[in-house]
Amino acid sequence: MKTQVAIIGAGPAGLLLGHLLKAEGIDCVVLERQTPDYVLGRIRAGVLEQITVSLMERLGLNARLKAEGLVEEGFNLADGERLIRIDVANLTGKTVVVYGQTEITKDLMDAAPSRGLEVIYGAADVALHGIESDAPHVTFLHDGNERRLDARFIVGCDGFHGPSRKAIPLGAVREYERVYPFGWLGILADVPPCNHELIYANHERGFALASMRSHTRSRYYVDVPLTEKLEDWPDERIWDELAIRLGPEAAANITRGPSIEKSIAPLRSYVFEPMRHGSLLLCGDAAHIVPPTGAKGLNLAASDVHYATEALVGYFRHSDNDAVGAYSAKALARVWKSERFSWSLTKLMHRFPDDGPFERAMQVAELDYISTSKAAQTSIAENYVGLPV
Ligand code: APR
Ligand code: PHB
């Protein structure tokens, strides 16, 4: 098999890139290890920045997003009984859209056949070869047969655990990582949200987040020690904890109901540099991970894909060899700013086990400052809606 761009991974990054390249007349093939159902079975965050919405609009794949997405003009920081609303619409002139990120993947997946985007599911043992040459290739197993895909470029959209990042020689690599001493226990329930906007809460018992998927489906989180087991958290215990941590005003509006999904996820900040080596580019979780505070994961993947599309169109359509060379620096400039915001919001809204009275006093002082300063609120707001691409 031969193509211009081999994409590894059919999550949001891989599918978004595949559609954008096809739309630009650039031939590509997407290789995915799992089945479509498995990919759609992953529960993900639900806040979209303008860049993600714009790329779906550019592809003409935003119909469901437009019909079902909830436009949000603000979000809230709760500190005990205090609720600080960040009015992102008035402070930045922009909004975010609440829409399950898995739904983005579904919209991209459903459109692939009609758009002629070739996605090979069940591609096992994917291996990258010749990434330092101008003629790299990928080998993989499919239906028991050894397959080979030759391409001019390979783009690793294979997430944190994929093979692409590991194909880059260690001598060329710089890694940065922060692992957090807690995880987020998330619950999905078909009950109306307790608030029409998101609430991030810092309570003496810990962090909580009230989010939603629609007017009838809610998504909540509490932070828990990494030693916690899901079986120790029956629904009622989660609802009780949320009612305490989110504060009395939100608690009064919580509608309880059976969880339709419940999971504990660890938190990590991670950046891999460079995001290009020879004929290999990296996009999304293959190159970076952010803690979910601020919901930057998918939106960073979208900005990476925007820059990668720009680079590959420059190469294939305008014979601009420098375009691909500029990709890594461009993508990383935005990655690091999102990493900083996600890290700082995580630090502000969580009680860390090793924190003492001074660290807590710093959180209270920062929340006091935010509650009284338009400049501080504007800084948070412009990061929350997404910095310019
Ligand atoms: N071969 C083929 N495919 C692979 C391999 C492999 N060896 N390893 C992983 N994959 C596939 C996974 O099965 C997955 O479908 O790559 C895909 C990676 O998708 P994600 O992990 O969702 O990563 P990405 O597309 O970068 O999405 C980034 O989206 O919803 C958000 O929070 C989420 O931050 C994440 C963001
Ligand atoms: C979600 O709706 O799942 C969500 C929202 C905001 C976050 C993380 C997750 O920061």
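Preceding this section is the structure that the text describes.
For the structure given in this document, a descriptive report is provided here. (Residues numbered from 1 in each chain as written. Chains lettered and ligands numbered in written order. Predicted model: local features only at pLDDT ≥ 70, side-chain atom pairs only at ≥ 80, totals over all residues. Heavy atoms only, no water.)

1. Topic: the site of ligand 1
- By nearness alone, 24 residues border ligand 1, and E32, R42, R44, Q101 and D285 come closest of all.
- Between ligand 1 and A13, the relevant distance is 3.0 Å, taken from an oxygen atom to a main-chain nitrogen or oxygen of the residue.
- A distance of 2.8 Å is found between an oxygen atom of ligand 1 and a side-chain nitrogen or oxygen belonging to R44.
- The protein chains hide 91% of the 730 Å² of surface that ligand 1 would expose on its own.
- For the shell around ligand 1, the secondary structure elements donating two or more residues are α1 (12–23), β2 (28–32) and α9 (297–318).
- Of the residues belonging to the shell around ligand 1, the class tally is 10 nonpolar, 8 polar and 6 charged. (Near = heavy atom within 4 Å. Polar contact = N/O pair within 3.5 Å; in protein donor to acceptor, adjacent residues only side chain to side chain. Areas by Shrake-Rupley, 256 points an atom, 1.4 Å probe, with all protein chains shown as cover. Helix = DSSP H or I, 4+ residues; strand = E, 2+ residues; numbered from the N terminus. Nonpolar A, V, L, I, M, F, W, Y, C, P; charged D, E, K, R; others polar.)

2. Side note on helix α3 (residues 50–59)
- Taken together, the buried positions of α3 are I51, T52, V53, L55, M56 and L59.
- Directly beyond the C-terminal end of α3, a positive phi value near 70° is found at G60. (Buried < 20%, exposed > 50% of the residue type's maximum accessible area, 1.4 Å probe, protein only.)

3. Quick notes on the layout of surface pockets
- What the second largest pocket holds in volume is close to 350 Å³.
- Along the walls of the second largest pocket sit 20 residues, with G100, E103, L188, R213 and R217 positioned nearest its centre.
- Broken down by secondary-structure element, the contributors of at least two residues to the lining of the second largest pocket are α4 (63–68), α6 (101–115) and β17 (259–273).
- The greatest single-element share of the lining of the second largest pocket, amounting to 3 residues, is contributed by α6.
- In the lining of the second largest pocket, the residues fall into 6 nonpolar, 5 polar and 9 charged. (1 Å grid on protein atoms, 1.4 Å probe; cavity = no way out; pocket = protein on both sides within 12 Å on 5 of 7 lines; lining within 4 Å. Points joined across faces, edges and corners; volume = space filled by probe spheres on them.)

4. Looking at empty space enclosed by the protein
- If you walk through the whole model with that rule in mind, you get 3 cavities of 30 Å³ or more.
- Within this model, the largest cavity holds a volume of roughly 90 Å³.
- Around the largest cavity sit 13 residues that line it, and A45, G46, L209, Y221 and A295 are the ones nearest its centre.
- Of all the secondary structure elements, the ones that give two or more residues to the lining of the largest cavity are β15 (206–212) and β16 (218–224).
- Partitioning the lining of the largest cavity into residue classes produces 9 nonpolar, 2 polar and 2 charged.
- Within this model, the second largest cavity holds a volume of roughly 40 Å³.
- Residue lining of the second largest cavity: P12, V39, R42, R44, Q101, T102 and T105, and that is the complete set.
- In terms of residue count, α6 provides more of the lining of the second largest cavity than any other element does, 3 residues in total.
- Partitioned by chemical class, the residues of the lining of the second largest cavity number 2 nonpolar, 3 polar and 2 charged.

5. A closer look at the environment of A124
- With respect to the secondary-structure elements, A124 resides in strand β9 (residues 124–129).
- Linking A124 and I154, residues 30 residues apart in sequence, is a C-alpha distance of 17 Å.
- Those residues in contact with A124 that lie beyond four places of it in its chain are F140 and L141. (Contact = heavy atoms within 4.5 Å.)

6. Thoughts on the nonpolar core
- Of all hydrophobic cores here, the largest spans 77 residues; its most connected members are L16 and Y327.
- In this view, Y327 contacts M275, R276, L281, L282, C283, D304, Y307, A308 and A311; residues no more than four positions away in its chain are not counted.
- Of all hydrophobic cores here, the second largest spans 33 residues; its members include L77, L91, L198 and L367. (Core = buried A, V, L, I, M, F, W, Y, C linked by side-chain atoms within 4.5 Å.)

7. Observations regarding the packing of aromatic side chains
- In the structure shown here, the tally under the stated rule is 15 aromatic pairs.
- Their ring planes at 85° and their centres at 4.9 Å tell us that Y176 and W336 sit as a pair that is edge-to-face. Placement of the pair is Y176 in strand β13 (residues 174–189) and W336 in helix α10 (residues 321–349), with a sequence separation of 160 residues.
- Y176 sits in the partly exposed class, given a relative accessible area of 36%.
- A centroid spacing of 4.9 Å and a plane angle of 50° characterise the contact between W184 and Y221, whose relative ring orientation is tilted. (Phe/Tyr/Trp six-rings, centres within 6.5 Å; stacked < 30°, edge-to-face > 60°.)

8. Focus: unusual backbone geometry
- Omega for the bond connecting E273 with P274 falls within 30 degrees of zero, at -5°, which places this linkage in the cis form.
- Residue placement: P274 occurs in the loop between β17 and β18 (276–277).
- Despite not being glycine, D125 shows a phi value in the positive range, around 50°.
- Along the polypeptide, D125 turns up in strand β9.
- D125 gets classed as exposed once you look at its relative accessible area, which sits at 57%.
- For S319, which is not glycine, the phi dihedral falls at a positive 50°.
- Along the chain, S319 falls in the loop between α9 and α10.

9. Overview of the side chain of D304
- By the element assignment, D304 lies in helix α9.
- In this structure D304 is buried but unpaired, with R334 as the nearest side chain of opposite charge at 7.1 Å.
- For D304, the side chain forms a polar contact with the side chain of H288, separated by 2.5 Å.
- In this structure, D304 is in contact with M275, C283, G284, H288, Y327, A331 and V335, ignoring residues within four places of it in sequence. (Lys, Arg positive; Asp, Glu negative; His and termini not counted. Salt bridge = Lys/Arg side-chain N within 4 Å of Asp/Glu carboxyl O.)

Coordinates in, geometry out; function isn't part of it.
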